[in-house]
Structures are given as C-alpha cells and as structure tokens.
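Summary of structural features
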Amino acid sequence: MHRFVRPQLMLRDSKQPLLPRAGHLCTNHKSVVSSVRGYVVLPPTSDEEEKAMLHRMMRVDHAGEYGANRIYAGQMAVLGRTQISPLIQEMWDQEKQHLRKFNEILAENRVRPTLLLPLWNIAGFALGAGSALLGKEGAMACTVAVEESISEHYNSQIRTLMEKDPEKYTELLQLIKEFRDDEMEHHDTGLEHDAESVNLNYCHDRMSCMNYNIKIQILNNSNN
Amino acid sequence: LCCGYWDMAALIRGLRAGRVLRGLGSVAVQTLSPQGSNVRRAFHRTILLQLVNDSKSDTSVPPPSYHEVHTAGESSSSSAHGESSEDAQPNTSFQDQSGEHGEDYETEEQLQARILTTALEFVPQHGWTVEAIAAGAETLGLSSASTGMFNNGAGDLVLHFVTQCNAQLAETLAEQNNQVQLGQAESKKTAEFMRDAVEMRLRMLIPYIDTWPQAMSILLLPHNIPGSLKHLSTMVDDIWYYAGDRSTDVNWYTRRAALTGIYNTTELVMVQDSSPDFEETWAFLDNRIKDVVNMANTAKEVQATGESVVQGLMGAAITLKNITGMNQRR
C-alpha cells in the first residue's frame, strides 16, 4: 500500500481554485512528481493498469469539461446580448477554469487527449446554441440537464476512487469533489432561473441528459 | 508476478550444488514439484542448468569434468552468485525461498533480456533469426535450447532491440532536458530538436543497417504489429514531449502523425542509402522537417486569413442589420 503524507486540508471559499500546497513526499517513493505549481494530483504509480485507469478518467473528464465549455459558448453566442448573459458568462468562466486545470493535468501526466474532441466541439456548440434559441428558459433547462449528468459522472468517479483507496487518491478526490460542487451549483442556478417553467423541459431534459450520457459512454468505451 | 520467479533461485542453488547436467533437465524436473502455472517456467529454467555466472563461488563448486563452464563477461547481476556455497541438499525445497533473496536473483525477464542483448552481436552474422539468439545464449554459457523461452523467436529479438534503442533515446533526451532546465545548455528550436532526435535514433540502426530490412519485415508481421506500433508511438510521444509539446487538443494527434511519417520515411531512405555516413538520409530528413514546418506555418496563415474573412463578413452583416434597423437590443 502506498501511503502519502496527508496534506492539510485548507478551508477555502468554493469559488477559489484549489490552492497550491507545498510539495509533499510519499515516503515510499523515491521521487516526487510535481507540477509547476508544486503539487501533484495524480499519484505516481508504476502499475500499468492503474495508470491506464487514471489516464482514462482524466481523458473523459477533460473531454467533459471541453464539451461543457463549448455548450456555454453556444449559449452565449445566441443569448450574449440579453439579461441572462452575465450569469451564463460567469458559469462559463468557471468551466474555463476547470478546463484549464484538466489541461494542466493532461500535460503533466502525458495523458493522451481524446480523439473525438472536434466532435465534442461541434456537438457542444450546437447543443448550447440550439437550446438557447428556445429562449432563456431553454438555455437554463439545458444547463440543468447537462450539469446533472456531469455531477452524476463525477459522483461515480468519486465512488470508484473511494472504493479503491481513498488515501492514495486524496488530491484527485478533492479535485473532483470541488468540480462536482461547482457543477451542482450551476445546476441549482439553472433551476433558480426558471428552468422548470418550460413545458418542453422534460423532453429537453432527457435529450440533454441523453446527449451527455452518450458522450460519456462513447468516451469510456473508446478509451478502454 | 515477481514472487513466482523466486523458485528459480532455489532451483539454481540446488542444482548447482548437485552436479548439473548439461542441456538436459529431465532429472531435475522430476525432482521438482511443479507449482501450477510455473510448470512451464520451471521446465524452461531447467534448460539453463549450466547457468554459471558467478566469479565468486567458482572455486567452491567443482565443475563436473564432462561439461564446460563458460563465464561470460557481463557485469549484470545474475542469479544465485554470491550466495554462500553450501553443498547442501541437492533437491532443496523452494518453499522457503519466498522472496527473501531480492536483488541477487535474476528474473526470467532479466535473463531473457540478457540473452537477447548478447544475441545482438550475432545479428550481422546470422541475421535477425533464432540462430542469433542461440548463439547469444551459448556465449552466455547456456544451452542453445534456451531459445525455447522465446515464443516469438526473431520477433522477440527485434522488439528487444527496438525497446533498447527507445530507452536509450528517452534517456538521452531526458538528460538533455535536465541540462536545459539547469541552464547548462540552450534549448533548441523545435525543428532542430526534431532533427537531432530522429537522427540520434536512426544512428542506432547503423551497426545493423545491412540486416535492418529483414528486421523491418519481421516487425510488419501481423502478430508483431501491435508491439511495434506501441513502440513507435511511445518513441514519437517521447520525442514530442521532450521537444516541449504540451498540447491537449487535436494537435496532439497531428503532430505525432507528422513525426511518425517523417521517421518511417527517413528509415526507409536510410536502409537503401549508400552515401558516406548516410548524408543523403540526413538531407532527406532535413527536407521532410522543413516540409512539416512549412505546412504548419501555412495552416496558421490559412487560419488567420480565415478569421479575418469571417470578421469581415460579420462586419458586413452587422452593417446591414444596422441599416435595416434589425439590430436592436431585446
């Protein structure tokens, strides 16, 4: 069992990004893999299977954030001049932050990005723009559905990691939990802003959910 | 996986002390109780009965007069040497050997690696074949029947060589990277870095260049393709990583595809190049890299032009909207 020195959890406002800690050493490993900011998210491992699993998780998450980014971009493209635009912009900025973080992780750990990125680019933008054309409620309904799917996905990842070894994956768990909380926040924001007032919300809900779930499935299967 | 190899150590010890027969392990095999999936391995190991690579306990074990003991000149650690030479029970049960004797003992993979490395010396003579492996095994003092360990025969030899070359390349690139990070060397531009890395890697083929076409065709055999592709992609990824590529979008794929193309074509050119020190190959490499750089620049220009065009069109559209009064805030 690899044991990491448990870093101190810092109290922080959920809106702030994960603050860097001083680099820490795993007492059983001879080397520290550290990023420019001085801390590690993926635990270094020599087990090929585990590495493949972690890489796959990061690849899917990266693709998910990339897609979410494009969805908000699509929404802004249509609703960018309306009252709702500051809200969408704020949510989009948070997603950009998430994407930046995953870009970092992928680069540091030499994880291959998914080949389907151009597809998610177009599909995400289309979904965002399409839902926004239905009005502000449509955009919010899309947000609710997508964020719900993303939260589900993150939750299942958290469950997987907790089942394996909570201590080893402390940082990773913390990161995913933080992102999942952000996504839940977006979900609640969408609900607040009359997402449920739309009658075709149900269809739209299912469609966005389905769309997102299909995306996750494809990614999971293609990268296995 | 490793704990299954420790019984080899006991085997070697017991058999060495018990007057090893050359080449045949039937007696020894019967005295061992096979352990499930290790039966095949145990059989293979008994073929290596005259594994003697211990300079230390040479004197204490009198070699039987009817077989030669070869001592190879390697410095790599081998199994069982350095152990106290008890002429103990010949059929030592190996249940008590579980994993305590760590680094002194060689795993099967290490042994295979050693054989293959030695076999490389015989490639110019025998080609990339099982004969080369047999010659290598014999140099190490093992029976030539130990080629039975290699299910893939010549494929194993070629893949081992490729792995070795790639590891060497990665090491050198990492070393250069360190130097740059420490400020002891200047970082190269991407094109130059690519060129040097590919040249370095291809130069490792020079000693075997005459037989390399044979090796290439072995790598193209259907059952070898997954392995060779994996090695190729790892090597290309390494080169790009040390060149500084940290892209996380589709560029990741286009860059690696480009480099794979460059590497493969240059390799083909090198194989039939007869100029002094492969000058033509390096010239070809230069041109290919220039091509890719040009393509990348062109792509960038096209994109910039495209963006300007789009902006121009948007401007025209907005002007139209203004004129017709459609452009109002909702």
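So, how was this worked out
- Residues numbered from 1 in each chain as written.
- Chains lettered and ligands numbered in written order.
- Predicted model: local features only at pLDDT ≥ 70, side-chain atom pairs only at ≥ 80, totals over all residues.
- Heavy atoms only, no water.
- Helix = DSSP H or I, 4+ residues; strand = E, 2+ residues; numbered from the N terminus.
- Buried < 20%, exposed > 50% of the residue type's maximum accessible area, 1.4 Å probe, protein only.
- Contact = heavy atoms within 4.5 Å.
- Areas by Shrake-Rupley, 256 points an atom, 1.4 Å probe, with all protein chains shown as cover.
- Salt bridge = Lys/Arg side-chain N within 4 Å of Asp/Glu carboxyl O.
- pLDDT = per-residue confidence, 0-100.
- Core = buried A, V, L, I, M, F, W, Y, C linked by side-chain atoms within 4.5 Å.
- UniProt positions renumbered as here; feature names shortened; annotations may be inferred.

**A few points about the overall build of chain B**
For chain B, the count of helices and strands is 12 helices and 0 strands. Scanning chain B from its N terminus toward the C terminus, one meets helices and strands in the order α-α-α-α-α-α-α-α-α-α-α-α. Scored against the burial criterion, the 330 residues of chain B give a buried share of 42%. Here the analysis covers contacts within chain B between residues at least 6 apart in sequence; of these, 74% occur between residues at least 24 apart. Per element, the accessible surface of chain B, about 18,000 Å² overall, is 56% carbon and sulfur.

**What about unusual backbone geometry?**
Located in the positive-phi region is A:Arg110, a residue other than glycine, with phi close to 55°. Here A:Arg110 is to be found in the loop between α2 (85–108) and α3 (117–133). Even without glycine at this site, B:Phe278 takes up a positive phi of about 55°.

**Some remarks on the pattern of salt bridges**
Enumeration over the complete set of coordinates arrives at 16 salt bridges over all chains. Note that A:Arg110 is salt-bridged to B:Asp237, the shortest N-O span being 3.4 Å. Here A:Arg110, found in the loop between α2 and α3, pairs with B:Asp237, found in helix α10 (residues 225–243), and the two come from separate chains. On the accessibility criterion, A:Arg110 (26% relative accessible area) is partly exposed. Judged by relative accessible area, which is 16%, B:Asp237 ranks as buried.

**Some details on the confidence of the model for chain B**
All names here are of chain B. Mean pLDDT over chain B works out to 78, with 68% of the residues at or above the 70 mark. Within chain B, α10 carries the highest mean pLDDT (95), whereas helix α2 (residues 26–31) carries the lowest (46). For the stretch residues 23–37, pLDDT sits under 50, and the model shows 16 contacts to residues farther than four places along the chain or on other chains. The low-confidence segment residues 49–101, where pLDDT is below 50, has 95 contacts with residues more than four positions distant or belonging to other chains. Predicted complex, confidence summary: ipTM 0.73, pTM 0.69.

**Digging into the nonpolar core**
Residues B:Ile115, B:Trp128, B:Leu157, B:Phe161, B:Trp212 and B:Ile239 are the most contacted members of the largest nonpolar core, which totals 53 residues. Elements with a contribution of two residues or more to this core: α4 (108–119), α6 (130–139), α7 (154–181), α8 (190–203), α9 (212–219), α10, α11 (251–271) and α12 (279–324) of chain B. The greatest single-element share of this core, amounting to 9 residues, is contributed by α7(B). When near neighbours in sequence (up to four residues on either side) are disregarded, B:Leu157 contacts B:Leu116, B:Ala119, B:Leu120, B:Val123, B:Trp128, B:Thr129, B:Ala132 and B:Ile133. Residues A:Met58, A:Ile71, A:Leu127 and A:Leu175 belong to the second largest nonpolar core, which totals 28 residues.

**Topic: the UniProt feature "binding site: Fe cation 1" (unreviewed entry) in chain A**
All names here are of chain A. As recorded in UniProt, the sites labelled "binding site: Fe cation 1" (unreviewed entry) are Glu65, Glu95, His98 and Glu183. Spatial clustering of the annotated residues is evident: they stretch over 119 residues in sequence, but the largest pairwise C-alpha distance comes to 10.4 Å. Those residues within four positions of Glu65 in sequence are excluded, and the remaining contacts are Glu95, His98, Leu99, Phe102, Tyr154, Phe179, Glu183 and Tyr212. Beyond its immediate sequence surroundings of up to four residues, His98 is in contact with Glu65, Phe179, Asp182 and Glu183.

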